[in-house]
Amino acid sequence: MYTLVLSGPTYYQNKIQNLNIAIENQKISKLSKSKLKSEATIKTKDLILPGLIDPHVHFREPGNKHKETFRTGTCAAAAGGITTALDMPNNYRHITTKKLLQEKEKIVSKKAVIDYGLYLQAGIPSEADTPLMKYFLGFGSFDDYEKCYSKSTGVNVFHAEDPELFQEVENPTIYDHNTIHPPEAAEAACKFINSLYSKYQKPTHITHITTRQEVHTILPNITKGVTPPHLFLSIKNLDVLGTFGKVDPPLREEADRIYLLTHLDKIDCVGTDHAPHTPEEKEADYPAAKSGLPGIEDYISLLFTELHKGNLDLSTIVRLTHAGPAKIFGLKRGIATGNDADFTIIDRKKERIINVQDHFSKCGWTPYDGWKVRGEIQKTLVRGKTVFEKEVGILTRKWGKNLFKIDGK
Ligand code: DOR
Ligand code: ZN
């Protein structure tokens, strides 16, 4: 007799199969085509996917709680079907030391609804032995980055823009953002990252590819991520979004967006780069308006909309949202016995209009408001516990745990 069995059409071994999944002690304990006896059952007609992993979020806490908190951010993630999210270190005070990382862990561990990891910000060479390292080129010197990288023991994740190549424009508007942060700055940063990789061969990931040129420049062993804004928005959308469309790296030409969307076979994962700022912070004049877009709650629907249009297949979606990030960050992959019972259950055909009123994120706006999409998350299970259910909402105050060691030992 199992504690819980989840039954329904499941994406398993590259196809949809009717499965019964027994869950015991937060893990998958058996997979079967025939019925399994259990104390509780979740039976669904909707599609069961391996839990979505988002390797790039900004939940803002500690510090900028007026934009988001770890609780609202992880609630938004759960509502978006995400079971694990990796949080960036550019808090109000940047997380540059293991001591700060431990302090952050103390605060956020009390609030996490889903599982998570916390990045350390690279730049202090003596603090390089944590599992998740984030390099914001421009925050420190390239020499220090090299020292960090050479000593690193985890995954090195890069924001690839070389500030040396940023341009000046007189009386700039949002339409100049792509000139001020040009594609050449991204490409130059990729070349720097290539040189680090060639010298030290550490696990290396570039988190937001925005152009065709970067895809061609980056060495094959460096993994590549894309974000929803660079797949679904371009400078064309600035007429509607204005400064709300300001993000670093910037929205690019429509041709680059289409290139990325049609060459996802060259990309290893999607990270949302959920970067909430308040409407007041976004509507300031350029360049004062803050950079960054929210998007964690609807990215899976944006991908399923492309699937519905015939532009994407299910195996690509699962690779980009689960298997790819799991592989890059060393998390146990897929629906298999012994792995954490993390599942995303989606009504994949449901047509709906994105409405910011439905959102859990504190920032209160989305660039996709009013978009007609396909796919609606019905349930999100983290280690066997239903943390989100469509008709009910968030079902826990705290369930998430840090999946990565934070002391670096
Ligand atoms: O646009 C961005 N916003 N790019 C970043 O690198 C940081 C992010 C944020 O934290 O808002
Ligand atoms: Zn980011």
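Look above for the structure.
Residues numbered from 1 in each chain as written. Chains lettered and ligands numbered in written order. Predicted model: local features only at pLDDT ≥ 70, side-chain atom pairs only at ≥ 80, totals over all residues. Heavy atoms only, no water.

Points about the sheet that holds strand β7 (residues 82-87)
Sheet strands pair via backbone hydrogen bonds, and the direction of the pair is either parallel or antiparallel.
Okay, so step 1: In spatial order, the strands read β6-β7-β8; together these three strands make up an open sheet with parallel pairing. Edge strands, defined here as strands with exactly one partner in the open sheet, are β6 (52-57) and β8 (115-118). When strand polarity is set aside, the average angle formed by the axes of neighbouring strands in this sheet is 15°.
Okay, so step 2: Bridging between β6 and β7 involves four bridges; their strand directions are parallel. Looking across to β7, one finds that Leu 52 is bridged to Ile 82.
Okay, so step 3: Lying on the sheet, helix α2 (residues 98-108) is in contact with β7 and β8; it crosses β8 at an angle near 160°. (Pairing = 2+ DSSP bridges. Helix = DSSP H or I, 4+ residues; strand = E, 2+ residues; numbered from the N terminus. Axes fitted to C-alpha atoms, helices over the stretch in contact; angles between N-to-C directions. Contact = heavy atoms within 4.5 Å.)

Section: helix α9 (residues 254-262)
Given 3.6 residues per turn, any residue in an α-helix points the same way as the ones three and four places further on.
Okay, so step 1: Those residues of α9 not exposed but buried are Glu 254, Asp 256, Arg 257, Tyr 259, Leu 260 and Leu 261.
Okay, so step 2: Against the buried residues of α9 lie α6 (212-217), β13 (223-226), α7 (228-232) and α11 (299-309). (Buried < 20%, exposed > 50% of the residue type's maximum accessible area, 1.4 Å probe, protein only.)

Overview of the layout of surface pockets
Okay, so step 1: Considering only enclosed or pocket space, the largest pocket measures out at about 670 Å³ in volume.
Okay, so step 2: Lining the largest pocket are 32 residues, and of these Asn 90, Phe 136, His 159, Asp 248 and Ser 291 sit closest to its centre.
Okay, so step 3: Along the lines of polarity and charge, the residues of the lining of the largest pocket split into eleven nonpolar, 13 polar and eight charged.
Okay, so step 4: In this structure, the second largest pocket spans a volume of roughly 390 Å³.
Okay, so step 5: Along the walls of the second largest pocket sit 21 residues, with Val 318, Arg 319, Ala 323, Gly 324 and Arg 333 positioned nearest its centre. (1 Å grid on protein atoms, 1.4 Å probe; cavity = no way out; pocket = protein on both sides within 12 Å on 5 of 7 lines; lining within 4 Å. Points joined across faces, edges and corners; volume = space filled by probe spheres on them. Nonpolar A, V, L, I, M, F, W, Y, C, P; charged D, E, K, R; others polar.)

Comments concerning the packing of aromatic side chains
Okay, so step 1: All told, the structure shown has twelve aromatic pairs when counted by the stated rule.
Okay, so step 2: Plain terms: the ring middles of Tyr 135 and Tyr 149 are 6.4 Å apart, the flat faces sit at 65° to each other, and that makes the pair edge-to-face. Here Tyr 135, found in strand β10 (residues 132-136), pairs with Tyr 149, found in helix α3 (residues 142-151); they are 14 residues apart in sequence, far enough to count as distant. The same class applies to Tyr 135 as to Tyr 149, namely buried.
Okay, so step 3: The interplanar angle of 50° and the centroid separation of 6.1 Å between the aromatic rings of Tyr 149 and Phe 158 together place this pair among those described as tilted.
Okay, so step 4: For Tyr 149, a relative accessible area of 0% puts it in the buried group.
Okay, so step 5: Taking the ring centre of Phe 136 as reference, the NZ or CZ of Lys 134 above it sits at 3.9 Å.
Okay, so step 6: Across from the ring centre of Trp 399, 5.5 Å away, lies the NZ or CZ of Lys 385, which sits over that ring. (Phe/Tyr/Trp six-rings, centres within 6.5 Å; stacked < 30°, edge-to-face > 60°. Lys NZ or Arg CZ within 6 Å of the ring centre and 35° of its normal.)

Thoughts on the site of ligand 1
Okay, so step 1: The environment of ligand 1 is formed by His 58, Arg 60, Asn 90, Phe 136, His 159, Val 247, Asp 248, Ala 275, His 277, Ser 291 and Gly 292.
Okay, so step 2: One of the side-chain N or O atoms of His 58 is found 3.3 Å from an oxygen atom in ligand 1.
Okay, so step 3: Contacts to ligand 1 include Gly 292, whose backbone N or O atom sits 3.3 Å from an oxygen atom.
Okay, so step 4: Against a free-state accessible area of 280 Å², the protein chains account for coverage of 91% of ligand 1.
Okay, so step 5: The residue inventory of the shell around ligand 1, partitioned by class, reads three nonpolar, six polar and two charged. (Near = heavy atom within 4 Å. Polar contact = N/O pair within 3.5 Å; in protein donor to acceptor, adjacent residues only side chain to side chain. Areas by Shrake-Rupley, 256 points an atom, 1.4 Å probe, with all protein chains shown as cover.)

What to know about the pattern of salt bridges
Okay, so step 1: Scanning the entire structure with this criterion turns up 17 salt bridges.
Okay, so step 2: A salt bridge links Asp 144 to Lys 147, with the shortest nitrogen-to-oxygen separation between them at 4.0 Å. Of the two residues, Asp 144 and Lys 147 both sit in helix α3, three residues apart, roughly one turn of that helix.
Okay, so step 3: Given the relative accessible area of 24%, Asp 144 is considered partly exposed.
Okay, so step 4: Across the pair Glu 376 and Lys 350 runs a salt bridge, and its minimum N-O distance is 3.2 Å. A residue pair is termed long-range when its members are at least 10 positions apart, and Glu 376 in strand β16 (residues 372-382) and Lys 350 in strand β15 (residues 343-353) qualify at 26 residues.
Okay, so step 5: Classification of Glu 376 as buried rests on a relative accessible area of 11%. (Salt bridge = Lys/Arg side-chain N within 4 Å of Asp/Glu carboxyl O.)

Structural measurements only, silent on function.
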